[in-house]
Amino acid sequence: MTSLPNVKKPCAQCPFRKDTLKGWLGSERMTEILEQQSFVCHKKQHLQCAGHMLINGDKNDFVRLAGRLNIELELTGKELVFDTQKECIEHHEF
Ligand code: SF4
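Everything quoted here is computed from the prediction, not taken from an experiment.

Visitor: Describe in detail the site of the ligand, supporting the description with residues and values.
Guide: Neighbouring the ligand are Val7, Pro10, Cys11, Cys14, Pro15, Phe39, Cys41, Lys44, Cys49 and Gly51. A molecule is said to occupy a pocket when more than half its atoms come within 2 Å of that pocket's grid points, and by this definition the ligand occupies the largest cavity. Grouping the constituent residues of the shell around the ligand by class yields 8 nonpolar, 1 polar and 1 charged.

Visitor: Describe the pattern of salt bridges, and please don't skip the residues or the numbers.
Guide: Tallied over the entire structure, the rule returns 4 salt bridges. Across the pair Arg17 and Asp19 runs a salt bridge, and its minimum N-O distance is 2.9 Å. Residue Arg17 is classed as buried on the basis of its relative accessible area of 12%. What makes Asp19 exposed here is its relative accessible area of 55%. In this structure, the salt-bridge partner of Asp61 is Arg64, at a minimum N-O distance of 2.7 Å.

Visitor: Summarise empty space enclosed by the protein; cite the residues concerned and give the values.
Guide: All told, the structure shown has 1 cavity of 30 Å³ or more when counted by the stated rule. There is about 100 Å³ of room inside the largest cavity. Lining of the largest cavity is provided by 13 residues; of these, Cys11, Cys14, Pro15, Cys41 and Cys49 occupy positions nearest its centre.

Visitor: Quick rundown of the nonpolar core? Include the residues and the values.
Guide: Core analysis: the largest hydrophobic core is formed by 14 residues, its most contacted members being Phe16, Met30, Leu34, Phe39, Ile55 and Cys88. Those elements that provide at least two residues to this core are helix 1 (27-35), helix 2 (50-56) and helix 4 (85-92). The element that contributes the greatest number of residues to this core is helix 1, accounting for 3 residues. Membership of the second largest hydrophobic core comes to 7 residues, among which are Leu4, Phe62, Ala66 and Ile71.

Visitor: Give a description of the environment of Gln13 that names residues and reports values.
Guide: Positionally, Gln13 belongs in the segment before helix 1. Along the sequence, Gln13 and Leu25 sit 12 residues apart, while their C-alpha atoms lie 12 Å from each other. When neighbours within four sequence positions are excluded, Gln13 is seen to be in contact with Trp24 and Lys43.

Visitor: Let's hear about the packing of aromatic side chains: which residues, and what values?
Guide: Aromatic ring pairs are reported here in terms of the distance separating the ring centres and the angle at which the planes meet. Throughout the structure, instances matching the rule amount to 1 aromatic pair. Between the aromatic rings of Phe16 and Phe39, the centroid separation amounts to 5.7 Å while the plane-to-plane angle is 90 degrees, which identifies the pairing as edge-to-face. Here the residue Phe16 occupies a position in the segment before helix 1, and Phe39 occupies one in the loop between helix 1 and helix 2, the gap between them amounting to 23 residues. In this pair, the class of Phe16 matches that of Phe39, namely buried.

Rules and cut-offs
Residues numbered from 1 in each chain as written. Predicted model: local features only at pLDDT ≥ 70, side-chain atom pairs only at ≥ 80, totals over all residues. Heavy atoms only, no water. Near = heavy atom within 4 Å. 1 Å grid on protein atoms, 1.4 Å probe; cavity = no way out; pocket = protein on both sides within 12 Å on 5 of 7 lines; lining within 4 Å. Sits in = over half its atoms within 2 Å of the grid points. Nonpolar A, V, L, I, M, F, W, Y, C, P; charged D, E, K, R; others polar. Salt bridge = Lys/Arg side-chain N within 4 Å of Asp/Glu carboxyl O. Buried < 20%, exposed > 50% of the residue type's maximum accessible area, 1.4 Å probe, protein only. Points joined across faces, edges and corners; volume = space filled by probe spheres on them. Core = buried A, V, L, I, M, F, W, Y, C linked by side-chain atoms within 4.5 Å. Helix = DSSP H or I, 4+ residues; strand = E, 2+ residues; numbered from the N terminus. Contact = heavy atoms within 4.5 Å. Phe/Tyr/Trp six-rings, centres within 6.5 Å; stacked < 30°, edge-to-face > 60°.

Have a look at this one:
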């Protein structure tokens, strides 16, 4: 089966997780990251981040591309990430 180069589940250090360190990145940086059309994490070079796809859904280019190609991203762990961008940004506020 064809698959795309993406992380399948939010990693332990993922900044989009609800259990991530409060005040870690700051609200400005987190806003910037969330506004990006896709996100490749420095920890997982060349792999599209699971957390960004889960929180942004169809706003993430990679998710839309997979949909157009009819490729299943096999993402799990949606319950681990923030439900909304707003909650995530507030959590990261210094
Ligand atoms: S690739 Fe994404 S899911 Fe994995 S650690 Fe980095 S930010 Fe988190």
